[in-house]
Amino acid sequence: MVEAILIDLFSLPTNSQNNIQGLLHNTLETIEKFSSIHAPCVYVMCCQRQGSERKGEQEFLLPSLRGVQSLKRRLEVVCAQTTAAALYTIKQSLDEKDLSIIKVILPTLRKDLMKVYIDHLFTAVYQFEFEDLQVVSDCENLQISEHQLEGQMLPSQDVALIRSEIQIYLESLPSLKGELTILKSSLIPDDIFLHGFTTRAGGISYIPTLSSCNLFSSSKRRDPQAVVKENLRRLANAAGFNPEAFHRVKVDHANAVCIMGKTEPDNYDGIVTNQKGVTLAAPGADCIPVLFADPVRRACGAAHSGWKGTLLGVSMATVNAMVSEYGCNVKDIRVVLGPSVGPCCYKLPHESAKEFHRIDPKCVRLFDSASPYIDIRRATRILLERGGILPENIQDDSITDQNLNITFCTACHPDKFYSHFRDGTNFGTQIGFISIKD
């Protein structure tokens, strides 16, 4: 069943609205007639000319809005200077109400354009159906079609203009949850490497579990790639790296490693390079973002280490790639474990816990319980030390001076970090990043 209806009047001039008022009135009456039991939210989207007042722009709609009593409280008029601004405002309202199934009623000539806007500002969480702006004649028009949003080909210059409009609008939005914050380790030399771990502050993502500097977009979450790209741009400006030379691991929860400059695997949880100015990144929202730096051979790496990747040895696989590809000495490599879920919060089923117990019994607490507490950080350190990394070249939460600790528990700090364990499926993501300075 349709949860929301968007009536797009954005392209229609406000100085010749007499016929549009009647058309809109009939459309709203039909929506009301066939939606009396489960009345959907209705949004009317129109253009606000520069220099005009919002109230004045909406006056032409008032005759159309009279007499739709059941929709009165569920109807919102959104006026903005660009389609991107209007649609993003409506998206915020949809997300606040947790609505996902939307009918769009719009002029035929706007359909292909609107699909491009939607493709950039929404994800697969949402379902869209399109209908021409005309008098709705029967109840069937209020049902969701089997044909959902399908890609339409527009001239590339039109698509580029839409992307630019969206980018300009997103860049204009204020940062949320305070200033962008980057955590850094004293173990990685500043004169050679640029690096850091992000927190959740300083971006534009507004959904509570994604707010505000979410750095990963998924078809299962409500943050689109355009918003994540803007968050990354702000991080790049603050940190000083080029977002166009940014490479994030393609998470598979395994131990494959990508060598920059060679054929890229389909999926990999580790990545290494000796190229200057190339920023490598690993995500984390409970899993460990791990950074690697060799100041002697001037090589670096990043890895994503969840419980599966930890057991499969992804961190040592990344170290071994640096040794084999760049001639690094394992004793020169520094390794920093970023914010991740701690043994205070993280549990696994007993069968999985057995694997960590085999690494070291100290990696498991309450081993005889159905869901023991697991220390994936300790397991990572032990495996790194067994592989030849010097204990003093590993930084994690065991650091002596806790004022220098950056391996915080993500689940314990909702104000600072995202956590899948804590927040559920619509969770945000922070990253660890590293590059070799030019």
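Residues numbered from 1 in each chain as written. Predicted model: local features only at pLDDT ≥ 70, side-chain atom pairs only at ≥ 80, totals over all residues. Heavy atoms only, no water.

**What to know about unusual backbone geometry**
In step 1: Residue Ser212 is reached from Ser211 by a cis peptide bond, and omega for that bond is 5°.
In step 2: If you check the backbone angles, Lys177 has positive phi at about 60° while not being a glycine.
In step 3: Tracing the chain through its elements places Lys177 in the loop between helix H7 (156–172) and strand E6 (182–183).
In step 4: The phi torsion at Leu366 lies on the positive side, around 60°, for a residue other than glycine. (Helix = DSSP H or I, 4+ residues; strand = E, 2+ residues; numbered from the N terminus.)

**What to know about the side chain of Ser315**
In step 1: Among the secondary structure elements, Ser315 is positioned in helix H10 (residues 314–326).
In step 2: Of the residues examined, Ser315 reaches a relative accessible area of 6% and is grouped as buried. (Buried < 20%, exposed > 50% of the residue type's maximum accessible area, 1.4 Å probe, protein only.)

**Regarding H10**
In step 1: For H10, built from 13 residues, the straight-helix expectation of 18 Å at 1.5 Å per residue is met to within 8% by its first-to-last C-alpha distance of 18 Å.
In step 2: Residues of H10 that are buried make contact with strand E9 (257–259), strand E10 (270–273), strand E12 (288–294), strand E13 (299–305), helix H9 (307–311) and helix H12 (376–386).
In step 3: Directly after H10, the chain includes Gly327, whose backbone phi takes a positive value near 70°. (Expected span 1.5 Å × (residues − 1). Contact = heavy atoms within 4.5 Å.)

**Quick word on the pattern of salt bridges**
In step 1: Applying the stated rule across the entire model yields 20 salt bridges.
In step 2: Taking the shortest distance from any N to any O, the salt bridge between Asp190 and Lys184 comes out at 3.3 Å.
In step 3: Take Asp190: its relative accessible area is 41%, and that puts it in the partly exposed class.
In step 4: When its relative accessible area of 44% is taken as the criterion, Lys184 is described as partly exposed.
In step 5: Between Asp396 and Arg381 there is a salt bridge, with the nearest N and O atoms lying 2.8 Å from each other. A residue pair is termed long-range when its members are at least 10 positions apart, and Asp396 in the loop between strand E17 (394–395) and helix H13 (420–423) and Arg381 in helix H12 qualify at 15 residues.
In step 6: Judged by relative accessible area, Arg381 falls into the buried class, the value being 15%. (Salt bridge = Lys/Arg side-chain N within 4 Å of Asp/Glu carboxyl O.)

**Things to note about the pairing of strand E11 (residues 279–284)**
Along any regular strand the residues' side chains alternate between the sheet's two faces.
In step 1: By the criterion of burial, E11 is predominantly enclosed, with six of the six residues buried.
In step 2: Where burial is concerned, the two faces of E11 agree: the one with Thr279, Ala281 and Pro283 and the one with Leu280, Ala282 and Gly284 are both buried.
In step 3: Bridge analysis of strand E8 (residues 246–248) against E11 gives three bridges, and the strand direction is parallel. Looking at E11, one finds that Arg248 is bridged to Ala281.
In step 4: Here E11 runs beside strand E18 (residues 430–436); their pairing, made up of five bridges, is antiparallel. (Pairing = 2+ DSSP bridges.)

**Quick word on the packing of aromatic side chains**
In step 1: Evaluated as defined, the whole model comprises eight aromatic pairs.
In step 2: With 4.9 Å between their ring centres and 85° between their planes, Phe122 and Tyr126 make a pair best called edge-to-face. As far as the burial class goes, Phe122 and Tyr126 line up, both buried.
In step 3: Judged by centre distance (5.0 Å) and plane angle (80°), the rings of Phe122 and Phe128 are edge-to-face.
In step 4: Judged by relative accessible area, which is 6%, Phe122 ranks as buried. (Phe/Tyr/Trp six-rings, centres within 6.5 Å; stacked < 30°, edge-to-face > 60°.)

**Considering the nonpolar core**
In step 1: Membership of the largest hydrophobic core comes to 42 residues, with the highest contact counts inside it found for Val104 and Leu170.
In step 2: Top contributing element to this core by residue count: helix H5 (residues 83–96), with seven residues.
In step 3: Counting contributing residues per domain, this core is built from domain 1 (4–135 + 156–171) and domain 2 (176–436), each supplying no fewer than three.
In step 4: Leave out the neighbours within four places in its chain, and Val104 touches Leu6, Met114, Ile118, Phe128, Glu129, Phe130 and Glu131. (Core = buried A, V, L, I, M, F, W, Y, C linked by side-chain atoms within 4.5 Å. Domains from an automatic or database assignment.)

**Describing the packing of H5 against H7**
In step 1: Between H5 and H7, the shortest axis-to-axis distance is 9 Å and the interhelical angle comes to 60°. Relative to H7, the element H5 lies oblique. In the crossing of H5 with H7, the sense of the turn from one axis to the other is right-handed. Residues Thr83, Ala84, Ala85, Tyr88 and Thr89 of H5 pack against Glu165, Ile166, Tyr169 and Leu170 of H7.
In step 2: The residue makeup of the contact of H5 with H7, split by class, is six nonpolar, two polar and one charged. (Axes fitted to C-alpha atoms, helices over the stretch in contact; angles between N-to-C directions. Parallel < 35°, antiparallel > 145°, perpendicular 65-115°, else oblique. Left-handed = near helix turned anticlockwise from the far one by under 90°. Nonpolar A, V, L, I, M, F, W, Y, C, P; charged D, E, K, R; others polar.)

**Re the side chain of Ser212**
In step 1: For Ser212, the position within the fold is in the loop between strand E7 (193–198) and helix H8 (225–239).
In step 2: Ser212 gets classed as buried once you look at its relative accessible area, which sits at 0%.
In step 3: At a separation of 2.8 Å, a polar atom in the side chain of Ser212 contacts the main-chain carbonyl oxygen of Leu176.
In step 4: Sequence-distant contacts of Ser212, that is, excluding residues within four places in its chain, are made with Leu176, Lys177, Arg200, Ala201, Gly202, Gly203, Ile204, Ser205, Asn231 and Tyr418. (Polar contact = N/O pair within 3.5 Å; in protein donor to acceptor, adjacent residues only side chain to side chain.)

**Brief notes about the packing of H10 against H12**
In step 1: Axis separation between H10 and H12 bottoms out at 9 Å; the angle between their running directions is 35°. Between H10 and H12 the crossing geometry is right-handed. On H12, the residues touching Ser315, Met316 and Val319 of H10 are Thr380, Leu383 and Leu384.
In step 2: Along the lines of polarity and charge, the residues of the contact of H10 with H12 split into four nonpolar, two polar and no charged.

**Notes on the environment of Asp375**
In step 1: Within the element layout of this structure, Asp375 appears in the loop between strand E16 (373–374) and H12.
In step 2: With a relative accessible area of 10%, Asp375 lands in the buried category.
In step 3: Distance from Asp375 to Lys347, taken between C-alpha atoms, is 8.9 Å for residues 28 residues apart in sequence.
In step 4: Discounting chain neighbours no more than four positions away, the residues touching Asp375 are Pro343 and Cys363.
In step 5: Here the side chain of Asp375 touches Arg377 through a polar contact of 3.2 Å, landing on its backbone nitrogen.

Bear in mind that shape data such as this cannot, by itself, settle questions of function.
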